[in-house]
Structure formats: C-alpha cells, structure tokens
Amino acid sequence: MSRIVRAAAIQISPVLGDDGSGTARKVCQSIRDAAERGVKLAVFPETLVPYYPYFSFIQPAFRLGGEHLALYERAVVIPGPVTGMVAEAARETGMVVVLGVNERDHGTLYNTQIIFDATGEILLRRRKITPTYHERMVWGQGDGAGLKVVDSAVGRIGALACWEHYNPLARYALMTQHEEIHCAQFPGSLVGQIFADQMEVTIRHHALESGCFVVNATGWLTDEQVSQVAGDPALEGPLRGGCFTAIVSPEGKLLGTPLTEGEGMVIADLDFALITKRKRMMDSVGHYARPELLSLLIDRRPARTVHAYGVGTEAAAGEALS
C-alpha cells in the first residue's frame, strides 16, 4: 500500500516592528492549526522570521543602513529562542516543519532554510547559495554543504529558496539524492503578477523533472504592511502580487487551488505511488540519465575562513571559526 502524507503550504504575513518573536509565535500557532487538520508536513515562506527584507527592493543602497541594522538585531541565531519555540511545536504536533529565517552568524546575515523533524530535531540548516539582485546587499552567500536531501518522518526532503530554482545544477544536486518532497520558499508580495506566473512555471517544471512533490509557500503583506514598508505611496506597487502558494504532484498537476492573496493554507494528501508512476516513465537521475555524457560536480565542503595545518593547530582553527 502506498504511503500518503498530508502536507500544508502556508501563506502567512510576518509581524513587523517587534523583535521577531511575534512572527515566531504566529508560526507555532499555524503549526498547531495545521495539526488539527491532520497535517504532517508544513512549509513556510522564505525568510519569514522575522521578515523578508522588502526594504532592499524599493530603497537605494545608500539608504539601507538603518533597516539593515534593524534586521541584524531581529535576526535568528541557530540554535536560539526561535528555533527552540518551533522545535517544541514540531515535537508537540509530530510534524515536520520547513521554515525560512534571516540567520545571524556573528557579523553576517544569511537566507537560511531550516528543516525540523517531527521530533523537533533540526535535520538541515542550509543557506541560499546566491542571494538575488537586491538581496546581495543584505545576505552573505551560502555553500554546497546545504545542497542535501534529508530523511525525515514524512520522507526524503530537499529545499531551495526562490530563484535558486533557476539554477538547474542546484536542482539537479537534490534530484540525484532522490528527493520525494521538494520544499520551495518565495517571499511573495513582490514584483507583481509576473512573479507568480514565473513561480508556477518553475515549481511545476521541477516536480516533473525531479518526479517529486513540490510544496511551495510564499509570504503575504497586508495593505497596512505594504504602506508601512514602502513609506511612500509611489513605492507600494512593487510590494503587491507575486504570491503563489501551492502544492504540485510529480505529474506537474496542482493539488488543490493555489493561494494568491491573503493568509491561509493549501493542504493536500501526497500519494507516494505517483512518484513511482512518474519515474517509471522518466527518471532523470536513473534510466533517463546519460552519466557518461553529462554529470555534475558538487563541492559539499563548508566554506571556511581558516585552514590550519600541522600538529596542535586543530584547536586553534576551531576557536577561530567559532
């Protein structure tokens, strides 16, 4: 009998202006609400906690300093209070949770995806390998150490953020590890309808190419929040539209109705028999691959600023990296 997992893609707005704990509490409440509906996997938007840096999309670089410093103060340290809260909610509900955060690691911020298992354990902390366009003023670059698929209580899970889905080799790196559920995260409330249209194309294509389910979550800003972030009516347009929270089957079909505005959940039962059905026809890393012609080189070593060699240097290198 095939395995069936109930999944939720959650479209949610952040709590602006506090220390980030308000958004974390909303996440935990959403986890508990989803659990009441039988959900075993919940996916939240890109850098939801404390909030996506929308300011960087509409402000010139020389004006970003204040907002950027505020984000530093509100960013998530891993492990820390936010991860502790979410881990407790995951453990309490027996749910696998995929959460996007702004991670602070000493003097740098990262766009980070965290996968919590149903036990509350952090299975994966990965950083977006290349921040996009305006985001490069905000976040540092991730490395290949996070291009992993992990075994969870609901199956083999991989994750990418936003335009990482336009990097075919990043996607292929996960495909080669036989992901069963791909968790995608986008900011939402950005760029306009064209962003949502492009998002639909890329997540449906990945589902077909990988032969996996895709659970995609986008964020949402209320009208009041758009005005608050923009600070000028002339800048509000770029902060609207661009939402497409959805779940896609391995056959590229939308499961349920996508959510394009407001808060809410798209919930679907993922029947793993569809994975075999799709891959019997086209397994891009198996019988449809031509490794003698085309292959991928991945460097999964974590990026390091210190490389120490020789007797007695290991402890010193560890201290320098901590």
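Conventions adopted
Residues numbered from 1 in each chain as written. Predicted model: local features only at pLDDT ≥ 70, side-chain atom pairs only at ≥ 80, totals over all residues. Heavy atoms only, no water. UniProt positions renumbered as here; feature names shortened; annotations may be inferred. Helix = DSSP H or I, 4+ residues; strand = E, 2+ residues; numbered from the N terminus. Expected span 1.5 Å × (residues − 1). Buried < 20%, exposed > 50% of the residue type's maximum accessible area, 1.4 Å probe, protein only. Arc of directions from axis to C-beta. Contact = heavy atoms within 4.5 Å. Pairing = 2+ DSSP bridges. Salt bridge = Lys/Arg side-chain N within 4 Å of Asp/Glu carboxyl O. 1 Å grid on protein atoms, 1.4 Å probe; cavity = no way out; pocket = protein on both sides within 12 Å on 5 of 7 lines; lining within 4 Å. Points joined across faces, edges and corners; volume = space filled by probe spheres on them. Nonpolar A, V, L, I, M, F, W, Y, C, P; charged D, E, K, R; others polar. Phe/Tyr/Trp six-rings, centres within 6.5 Å; stacked < 30°, edge-to-face > 60°. Lys NZ or Arg CZ within 6 Å of the ring centre and 35° of its normal. Polar contact = N/O pair within 3.5 Å; in protein donor to acceptor, adjacent residues only side chain to side chain.

Identification of the chain as Nit6803 family nitriliase from Gluconacetobacter dulcium is taken from an unreviewed UniProt entry. Turning to the chain, the UniProt annotation filed under Sequence similarities (unreviewed entry) states: "Belongs to the carbon-nitrogen hydrolase superfamily. Nitrilase family."

## What about helix α6 (residues 193-210)?
Between its terminal C-alpha atoms α6 stretches 26 Å, which fits the 26 Å expected from 18 residues at 1.5 Å a residue. Looking at α6, one finds that the buried residues are Phe-195, Ala-196, Met-199, Thr-202, Ile-203, His-206, Ala-207 and Ser-210. The buried residues of α6 occupy one face: seen down the axis, they fall within an arc of 135 degrees. Exposed and facing more than 90 degrees away from the buried side of α6 are Gln-193 and Val-201. Buried residues belonging to α6 abut α5 (168-175), β8 (181-186), β9 (213-218), β10 (246-248) and α8 (273-281).

## A closer look at the UniProt feature "domain: CN hydrolase" (unreviewed entry) in the chain
Look at the UniProt record and you will see "domain: CN hydrolase" (unreviewed entry) annotated at residues 5-272. End C-alpha to end C-alpha, residues 5-272 measures 8 Å, and it is 28% helix and 25% strand.

## Regarding the pairing of strand β3 (residues 96-105)
Along any regular strand the residues' side chains alternate between the sheet's two faces. Counted residue by residue, β3 has 8 buried out of 10 residues, so it is predominantly covered. Here strand β2 (residues 41-43) pairs with β3 via 3 bridges, running parallel. In the strand pairing of β3, Val-43 is matched with Val-98. Bridge analysis of β3 against strand β4 (residues 108-116) gives 9 bridges, and the strand direction is antiparallel. Bridged to Val-98 within β4 is Ile-115. What sits between β3 and β4 in their antiparallel hairpin is a turn of 2 residues, with His-106 showing a positive phi close to 55 degrees.

## Observations concerning the pattern of salt bridges
Applying the stated criterion across every chain yields a total of 19 salt bridges. Of the charged contacts in the structure, one is a salt bridge between Arg-6 and Asp-269, with a shortest N-O distance of 2.7 Å. Of this pair, Arg-6 sits in strand β1 (residues 4-11) while Asp-269 sits in strand β11 (residues 264-271), placing them 263 residues apart in sequence. Arg-6 gets classed as partly exposed once you look at its relative accessible area, which sits at 32%. A salt bridge links Arg-125 to Glu-103; the nearest nitrogen and oxygen atoms lie 3.1 Å apart.

## Points about empty space enclosed by the protein
Inspection of every chain in the model, using the stated rule, returns 1 cavity of 30 Å³ or more. Approximately 50 Å³ is the volume found for the largest cavity. Every residue along the wall of the largest cavity is listed here: Ile-12, Pro-14, Pro-45, Glu-46, Leu-48, Tyr-51, Tyr-52, Tyr-54, Pro-187, Gly-219 and Trp-220. When grouped by side-chain class, the residues that make up the lining of the largest cavity number 9 nonpolar, 1 polar and 1 charged.

## What to know about helix α1 (residues 21-35)
With 15 residues, α1 extends 21 Å between its outermost C-alpha atoms, agreeing within 8% with the 21 Å of an ideal straight helix rising 1.5 Å per residue. Of the positions making up α1, those classed as buried are Gly-22, Thr-23, Ala-24, Val-27, Cys-28, Ser-30, Ile-31 and Ala-34. For α1, the elements touching its buried residues are β1, α4 (81-93), β3 and β11.

## Observations concerning the packing of aromatic side chains
Within the structure shown, the criterion is met by 5 aromatic pairs. When the ring of Trp-163 is compared with that of Tyr-166, the centres are 5.2 Å apart and the planes differ by 45 degrees; the resulting orientation is tilted. On the basis of an interplanar angle of 40 degrees and a centroid distance of 6.0 Å, the ring pair of Phe-213 and Phe-272 is categorised as tilted. Of this pair, Phe-213 sits in strand β9 while Phe-272 sits in the loop between β11 and α8, placing them 59 residues apart in sequence. Across this residue pair, the class does not change: Phe-213 and Phe-272 are buried. Within the aromatic cluster, the residues linked to one another by ring pairs are Tyr-52, Tyr-54 and Trp-139. The aromatic ring of Tyr-110 is capped on one face by Arg-127, whose charged end is 3.8 Å from the ring centroid.

## With respect to the side chain of Glu-236
With respect to the secondary-structure elements, Glu-236 resides in the loop between α7 (223-230) and β10. Overall, the relative accessible area of 15% leaves Glu-236 in the buried class. A distance of 3.0 Å separates the side chain of Glu-236 from the side chain of Arg-240, its partner in a polar contact. The residues contacting Glu-236, other than those within four sequence positions of it, are Val-226, Ser-227 and Ala-230.

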